[in-house]
Amino acid sequence: MNRNTWRVYIKLLTDNGEYENDFIEITDDVEVDKMSAIESSLDNNDYDIGIYKFSSISLTLRNDHGKYSDVGQPNSIFQYKRSDTLVKITWEYTEEPAYCGFALADISYLSEEKTQFVGLLNDEALELEVGSQNVSFKVLGRESIFQKVIVPFGSISNGDTLNEVLFAVLNQPEITKLMNVDALKINVGNDQAIDSISSLQNKTVQQGLATLLLVANSVFYIDANDNIVIKGRTASVDLKKTFYGQASRQGSENIQALKKVRSGIARTFNFFTIEAGVTKLFAEDASSRAKYGTRAKAVTTDNFNTTPKCQNIVNALRSEFGQPKQEFDLYAPLDFEVEALMLLDRVNVDYPSVYIEGEDPLPICGAAECGAAVLPKALWDFTLTTEEEYKILGKKIDPKTSIAQFKLRAI
């Protein structure tokens, strides 16, 4: 028997606008069947790249006691403001519970709460249902603070590398009180000295990141230890997990479903253009253009204007997106190994065909008669072997079902 326990906590703001020391649990007031999936993904969608977006969830709470009403209401627990309250969602997995206070050796094991999401309550999208006395919130990922913080223009200079600028942009008190910012965790895929920082003046951190990540051929996410990570699009060096489908002889089945198998053409761009001052540059994948036609993507930047640096930008993007790479969605029950997988982790899949006998099965002994014997029939023609490897582009966990969904892309 598997047991999945989900808990929800909040951390309130005090009268002076600082966060209290501890989270308080509000799980009993949460409508779990109305909780949306917890999702994290890289800066792209099925038809484009460089699309920077926040993570978010929807949360519905019973409020017949008035605890979650706005500041000033008699029973409200909010003292300073309701918006920006920290919300934390955790998951705990126990394969075999203890019996009568005793854990069974080799069967039971200790479990711990794993944080799946930390975000900021958004008052703008609040809705109150008078009949049910339920209140519905939108909770934005912690990275949503980026739209409220300005780039520290005085802390960056022309000639600073992308790594240096990104660290300075992120290493601000409003951000570091919610996440860890470590220079060692910022390693872009295409690090170059910036020619001009002028376009970053008076921009929000969100706008600055959206501009810089694309030209750095890099992505952003928050890891399990609350660290901001910025890195190139390269998958992890080590293989993190193998998923097994039905009829696999290599391991126990742990795939619930494979869906939306795509060729990858929708995310293929084989002709990148960019302007370096008055010079127009391009990078193409000639074989891809010949086979699939021209799939153009124009890259614009005010931060780089020299030919070598601009050429490096489009060359890096061409190498990543010039050829189609198979993509699909994989669903698996949530357990410790599945929960631990992060964006850009390297995985593979063993998904063989399943065969059934026809009306005239092949003989167990002896020879089959040519022209009369019938080979077993495959139930499907889609197969995957562990020789192929994939990286994780997106991860979504549904608290209602404790099923994890991964968006995978071939390496």
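See the structure above.
What comes next is a walk through the structure. If you're wondering where the values come from, they're calculated on a predicted model, not measured in any experiment.

Definitions and cut-offs
Residues numbered from 1 in each chain as written. Predicted model: local features only at pLDDT ≥ 70, side-chain atom pairs only at ≥ 80, totals over all residues. Heavy atoms only, no water. Helix = DSSP H or I, 4+ residues; strand = E, 2+ residues; numbered from the N terminus. Buried < 20%, exposed > 50% of the residue type's maximum accessible area, 1.4 Å probe, protein only. Contact = heavy atoms within 4.5 Å. Areas by Shrake-Rupley, 256 points an atom, 1.4 Å probe, with all protein chains shown as cover. 1 Å grid on protein atoms, 1.4 Å probe; cavity = no way out; pocket = protein on both sides within 12 Å on 5 of 7 lines; lining within 4 Å. Points joined across faces, edges and corners; volume = space filled by probe spheres on them. Nonpolar A, V, L, I, M, F, W, Y, C, P; charged D, E, K, R; others polar. Pairing = 2+ DSSP bridges. Axes fitted to C-alpha atoms, helices over the stretch in contact; angles between N-to-C directions. Salt bridge = Lys/Arg side-chain N within 4 Å of Asp/Glu carboxyl O.

### Regarding the overall build of the protein chain
Helix and strand counts for the protein chain come out as six helices and 23 strands. Of all 411 residues assigned to the protein chain, the portion counted as buried reaches 46%. Partitioning the contacts of the protein chain with sequence separation of at least 6, the portion at a separation of at least 24 is 73%. About 20600 Å² of surface is accessible on the protein chain, with carbon and sulfur atoms providing 47% of the total.

### Regarding the layout of surface pockets
Its boundaries defined by the atoms lining it, the largest pocket holds a volume of some 900 Å³. Forming the boundary of the largest pocket are 38 residues, of which Glu39, Ser40, Gln116, Ile222 and Met342 lie nearest the centre. Those elements that place two or more of their residues in the lining of the largest pocket are strand E3 (38-41), strand E8 (114-129), strand E11 (218-222), helix H6 (336-340) and strand E22 (389-398). If one sorts the elements of the lining of the largest pocket by residue count, E8 sits on top with five residues. For the lining of the largest pocket, the class distribution of residues is 19 nonpolar, eight polar and 11 charged. Looking at the second largest pocket, its volume works out to about 340 Å³. Lining the second largest pocket are 17 residues, with Ala298, Val299, Thr300, Thr301 and Asp302 positioned closest to its centre.

### A word on the sheet that holds strand E17 (residues 296-298)
The strand order E16-E15-E17 describes an open sheet built from three strands, whose pairing is mixed. Since the sheet does not close on itself, it has two edges, and those belong to strand E16 (279-284) and E17, each with one partner. Neighbour-to-neighbour, the strand axes of this sheet turn through a mean angle of 25 degrees, independent of strand direction. Examined bridge by bridge, strand E15 (residues 271-276) and E17 share three bridges and lie parallel to one another. Across the sheet, the residue bridging to threonine 273 is alanine 298, located in E17. The strands that helix H5 (residues 307-321) touches are E15 and E16; relative to E15, the one it contacts most, it runs at about 165 degrees.

### Regarding the pattern of salt bridges
Under the definition given, this model contains 23 salt bridges. Arginine 62 is the partner of aspartate 29 in a salt bridge, and the nearest nitrogen-oxygen pair spans 2.8 Å. Of this pair, aspartate 29 sits in the loop between strand E2 (24-25) and E3 while arginine 62 sits in strand E6 (residues 56-62); the two residues are 33 residues apart in sequence, bridging distant segments of the chain. On the basis of relative accessible area, arginine 62 is assigned to the partly exposed category, the value being 30%. Between glutamate 327 and arginine 409 there is a salt bridge, with its nearest N and O atoms 2.7 Å apart. Of this pair, glutamate 327 sits in strand E18 (residues 327-333) while arginine 409 sits in strand E23 (residues 403-410), placing them 82 residues apart in sequence. Comparing glutamate 327 with arginine 409 shows no difference in burial state: the two are buried. The network of salt bridges with common partners includes Arg262, Arg267, Glu327, Asp329 and Arg409.

### Quick look at the sheet that holds strand E10 (residues 186-187)
Strand pairing within a sheet occurs via backbone hydrogen bonds; the two strands may be parallel or antiparallel. An order of E10-E12-E11 is seen for the three strands of this open sheet, with the pairing classed as mixed. A single partner strand is all that each edge strand has here, and the edge strands are E10 and E11.

### Details of the pairing of E11
With five of five residues buried, E11 lies mostly within the body of the structure. On E11, burial covers both faces: Ser218, Phe220 and Ile222 on one face and Val219 and Tyr221 on the other are all buried. Of the strand pairs in this sheet, E11 and strand E12 (residues 228-232) are connected by five bridges, and their pairing is antiparallel. Note on E12: the bridge partner recorded for isoleucine 222 is isoleucine 228.

### Describing unusual backbone geometry
Look at lysine 260: it is not a glycine, yet its phi comes out positive at around 50 degrees. Note on placement: lysine 260 falls in strand E14 (residues 257-262). Exposure remark for lysine 260: the relative accessible area of 61% places this residue in the exposed category. Look at serine 402: it is not a glycine, yet its phi comes out positive at around 55 degrees. Secondary-structure assignment places serine 402 in the loop between E22 and E23. Judged by its relative accessible area of 7%, serine 402 is buried.

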